[in-house]
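Listed below, chain by chain, are the residues.
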Amino acid sequence: MSKYWSAVARKLIPYVPGEQPKLSQLVKLNTNENPYPPSERAVAAIAGELGEDGGKLRLYPDPNGDRLKAAIASFYAADGVSAANVFVGNGSDEVLAHVFQALLKHERPILFPDITYSFYPVYCGLYEIEHVAVPLADDFSIVADDYLRPNGGIIFPNPNAPTGRLLPLAEIERIVASNPDSVVVIDEAYIDFAAEAVPTAIPLVARYPNLLVVHTLSKSRSLAGLRVGFAIGDAQLIEALERVKNSFNSYPLDRLAIAGGVAAMNDRVHYDTTRRAVMNSREQLTRDLHSLGFDIVPSAANFIFVRHPQLDAATLASALRERAIIVRHFRLPRIDQYLRITIGTDDQCTALLSALREIL
Ligand SMILES: *Cc1c(COP(=O)(O)O)cnc(C)c1O
């Protein structure tokens, strides 16, 4: 803190991301990255955009990312999505930041679960938005009835983070339909891992002008390092986001991100193959941890949320770390005895299991 800091900077309580260790030999299961490489077509498109001498980088990118919006609209064309329904940003974290400012800042407090993505309260602090933390049920499920009360907006991830629990689409629709005067934001960062037939809320967008669905290419498309996220909603909601974006940064997505993002959206085979592999490993790891005595919250994401009745979570996390495996432990009320473990490759899951057997 110094006298040069603004009043805003003084008050901020920033988000703390999971550790990105410099050591490469670690089994890194702490930030829900995809264990598989991205689409080869995306990598080739990025290399193509860079070209022999990188000369295109001399020029600004398309400020609107129109090619990427078109590719996203085409992926969801069967749900009635067109480019006017798509907003793109530098990672879904940036998209979410604009959502808080453009659509969730009203007189009344917004609602989100007590256990959820810990960036939401940070955005509330940044934009001075009041919120009410709505407790999850004891089994960590979201209780739809608790969101049928006056509010300035609603946001939660589905599947929720860090629990991994999925709220059925009918319950999402009930919340959206019961709140016609406020925006309901469903953060679907992990929805592609939920099931073979993805239970996304995107098809509801055509019927509900107050629904905004946020996605990222960081998890199911293995592109966390590229920083691409998007939102799908009624054209009026998208316009509000564009107004904030164009008052903040004209070129949030660089040329490589646009080129790679387009190719990744177009490579459906890679998307389906890798998300299936992650879902299969999740089911296998769940069975294996169960046999080691772990309690596991049913997960529809690329991570599982677990606890061991005989072992303290912080102790377990540091014992794993001594064996070069890192997982995420949140020192927060209700969940301080849980660990969030990202689904890794089969080799990484095997390494995790043998370390756990040793510790137990
Ligand atoms: C990972 C994650 C994001 C952010 O993803 P980026 O696109 O990489 O910024 C957003 N919401 C939730 C719930 C996440 O877990």
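Reading the values: the criteria
Residues numbered from 1 in each chain as written. Predicted model: local features only at pLDDT ≥ 70, side-chain atom pairs only at ≥ 80, totals over all residues. Heavy atoms only, no water. Helix = DSSP H or I, 4+ residues; strand = E, 2+ residues; numbered from the N terminus. Expected span 1.5 Å × (residues − 1). Buried < 20%, exposed > 50% of the residue type's maximum accessible area, 1.4 Å probe, protein only. Contact = heavy atoms within 4.5 Å. 1 Å grid on protein atoms, 1.4 Å probe; cavity = no way out; pocket = protein on both sides within 12 Å on 5 of 7 lines; lining within 4 Å. Points joined across faces, edges and corners; volume = space filled by probe spheres on them. Nonpolar A, V, L, I, M, F, W, Y, C, P; charged D, E, K, R; others polar. Domains from an automatic or database assignment. Salt bridge = Lys/Arg side-chain N within 4 Å of Asp/Glu carboxyl O. UniProt positions renumbered as here; feature names shortened; annotations may be inferred.

Asks: Looking at this model, I keep getting lost on helix α9 (residues 268-291). Mind explaining?
Replies: Working note: α-helix, 3.6 residues per turn, so residues spaced by three or four point in the same direction. A rise of 1.5 Å per residue sets the reference length of α9, with its 24 residues, at 34 Å; its end C-alpha atoms lie 35 Å apart and thus fit the reference within 8%. Every buried residue belonging to α9 is among His-270, Tyr-271, Thr-274, Arg-275, Val-278, Met-279, Ser-281, Arg-282, Leu-285, Asp-288 and Leu-289, and all of these are buried. Those residues of α9 hidden inside the fold are in contact with α3 (66-75), β9 (295-297), β10 (303-307), β13 (339-342) and α11 (346-359). The positive-phi residue at the C-terminal boundary of α9 is Gly-293, with phi of around 95°.

Asks: Could you clarify how one ought to interpret the layout of surface pockets in this entry?
Replies: To find leftover empty space, one rolls a probe the size of a water molecule over the atoms. Estimates place the volume of the largest pocket at around 820 Å³. At the level of elements, α4 (92-103) and β3 (110-113) are the ones that each hand at least two residues to the lining of the largest pocket. Residues that form the lining of the largest pocket fall into these classes: 17 nonpolar, 11 polar and 9 charged. Each of domain 1 (17-38 + 269-359) and domain 2 (40-266) contributes no fewer than three residues to the lining of the largest pocket. Approximately 360 Å³ is the volume found for the second largest pocket. Lining the second largest pocket are 16 residues; nearest its centre among them are Ile-13, Pro-14, Tyr-15, Ser-118 and Val-122.

Asks: I keep staring at the pattern of salt bridges and nothing clicks. Help me out?
Replies: Close approach of charged atoms allows side chains with opposite charge to pair. The final tally for this structure, using the stated rule, is 17 salt bridges. Arg-174 is the partner of Glu-171 in a salt bridge, and the nearest nitrogen-oxygen pair spans 3.2 Å. You can see Glu-171 and its partner Arg-174 sitting in helix α6 (residues 169-178), 3 residues apart, about one turn around the helix. Measuring nitrogen to oxygen at the nearest pair gives 2.8 Å for the salt bridge that ties Glu-196 to Arg-276. You can see Glu-196 sitting in the loop between β6 (184-187) and β7 (211-216) and its partner Arg-276 sitting in helix α9, a full 80 residues away along the chain.

Asks: Sorry if this is basic, but what is going on with the UniProt feature "modified residue: N6-(pyridoxal phosphate)lysine" (unreviewed entry) in the chain here?
Replies: UniProt feature "modified residue: N6-(pyridoxal phosphate)lysine" (unreviewed entry): in the numbering of this structure it lies at Lys-219. Relative to the helices and strands, Lys-219 is located in the loop between β7 and β8 (229-233). Excluding residues within four positions of it along the chain, Lys-219 makes contact with Thr-31, Asn-32, Asn-34, Ala-189, Tyr-190, Phe-193 and Asn-302.

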